[in-house]
Amino acid sequence: QVQLVESGGGLVQAGGSLRLSCAASGSIFSINTMDWYRQAPGKQRELVASITSGRRTKYADSVKGRFTISRDNAKNTVSLQMNSLKPEDTAVYYCYAQIKKYYSASYYDDYWGQGTQVTVSS
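Just so it is clear, the model here is predicted, and its values are computed rather than measured.

Peer 1: For the sheet that holds strand β7 (residues 67–72), give the residues involved together with the corresponding values.
Peer 2: Taken in spatial order, the four strands line up as β1-β3-β8-β7 in an open sheet, and their pairing is antiparallel. Each edge of the sheet is formed by a strand with only one pairing partner; in this case those strands are β1 (2–7) and β7. Here the average twist between neighbouring strands, direction ignored, is 15°. As paired strands, β7 and strand β8 (residues 77–82) are joined by six bridges and run antiparallel to one another. By the bridge assignment, Ile69 is partnered in β8 with Leu80.

What follows is the structure, encoded as structure tokens:
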């Protein structure tokens, strides 16, 4: 089995910074895309940032210039550096990864972390 474990969430004042990390473990042959999503109460889950195996990145317009996604392929981790945080960034942040578990697998499976709470106070 594969498990994604997030860490780094917490409470921070507006303008502050947090760094989220997500580690994938278990049966892993290769990892394609690794993403960060977030979901605020009463809102739909949205893609915050994405990074491919080749380290091509994408960001939601609302976080461009403030957030940076990165990955360490040797450690099977993905991180999200969040700077200049705003109250509207408050949400549960979820790690997502497309993982091929075996050499014989013909496709990547979707895996989600349990989420970590980020609260930004005014």
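Peer 1: Provide a residue-level description of the side chain of Glu6, including the pertinent values.
Peer 2: By the secondary structure assignment, Glu6 is in strand β1. The side chain of Glu6 sits in the buried core without any salt bridge; Arg45 is the nearest counter-charge, 8.0 Å away. Within the local environment of Glu6, its side chain forms a polar contact with the backbone nitrogen of Cys95, the two atoms lying 2.7 Å apart. At a separation of 3.1 Å, a polar atom in the side chain of Glu6 contacts the main-chain amide nitrogen of Gln114. Among all residues touching Glu6, those that are not within four sequence positions of it are Ser21, Cys22, Trp36, Tyr93, Tyr94, Cys95, Gly113, Gln114, Gly115 and Thr116.

Peer 1: Got a sec to walk through the nonpolar core? Specific residues and values, please.
Peer 2: Residues Trp36, Leu80, Met82 and Tyr93 are the most contacted members of the largest nonpolar core, which totals 29 residues. At the level of secondary structure, the elements contributing two or more residues to this core comprise β1, β3 (18–26), β4 (30–39), β5 (46–51), β7, β8, β9 (91–100) and β11 (116–121). Per-element accounting of this core gives the leading share, five residues, to β9.

Peer 1: Break down unusual backbone geometry for me, citing the residues and quoting the values.
Peer 2: Among all residues except glycine, the phi angle is most often negative; among peptide bonds, the trans geometry is most common. The phi torsion at Asn76 lies on the positive side, around 55°, for a residue other than glycine. Take Asn76: it is sitting in the loop between β7 and β8. Judged by its relative accessible area of 23%, Asn76 falls in the partly exposed class.

Peer 1: Which residues make up the packing of aromatic side chains, and what values go with them?
Peer 2: The full count for this structure, using the stated rule, is four aromatic pairs. Consider the rings of Phe29 and Tyr103, whose centres lie 5.8 Å apart with planes at 75°: the pair is edge-to-face. In this pair, Phe29 is assigned in the loop between β3 and β4 and Tyr103 in the loop between β9 and β10 (109–112), connecting sequence segments 74 residues apart. Judged by its relative accessible area of 47%, Phe29 is partly exposed. Residue Tyr103 is classed as exposed on the basis of its relative accessible area of 70%. An angle of 55° between the planes, with centres 5.0 Å apart, marks the rings of Tyr96 and Trp112 as tilted. You can see Tyr96 sitting in strand β9 and its partner Trp112 sitting in strand β10, a full 16 residues away along the chain. Note on Tyr96: relative accessible area 8%, which makes it buried. You can call Trp112 partly exposed: its relative accessible area is 36%. Three or more aromatic residues joined by ring pairs make a cluster, and in this case those are Tyr37, Tyr96 and Trp112. Over the face of the ring belonging to Trp112 we find Arg45, whose NZ or CZ atom lies 4.8 Å from the ring centre. The ring of Tyr108 is capped by Lys100, whose NZ or CZ atom sits 5.1 Å from the centre of that ring.

Conventions adopted
- Residues numbered from 1 in each chain as written.
- Predicted model: local features only at pLDDT ≥ 70, side-chain atom pairs only at ≥ 80, totals over all residues.
- Heavy atoms only, no water.
- Pairing = 2+ DSSP bridges.
- Helix = DSSP H or I, 4+ residues; strand = E, 2+ residues; numbered from the N terminus.
- Axes fitted to C-alpha atoms, helices over the stretch in contact; angles between N-to-C directions.
- Buried < 20%, exposed > 50% of the residue type's maximum accessible area, 1.4 Å probe, protein only.
- Lys, Arg positive; Asp, Glu negative; His and termini not counted.
- Salt bridge = Lys/Arg side-chain N within 4 Å of Asp/Glu carboxyl O.
- Polar contact = N/O pair within 3.5 Å; in protein donor to acceptor, adjacent residues only side chain to side chain.
- Contact = heavy atoms within 4.5 Å.
- Core = buried A, V, L, I, M, F, W, Y, C linked by side-chain atoms within 4.5 Å.
- Phe/Tyr/Trp six-rings, centres within 6.5 Å; stacked < 30°, edge-to-face > 60°.
- Lys NZ or Arg CZ within 6 Å of the ring centre and 35° of its normal.

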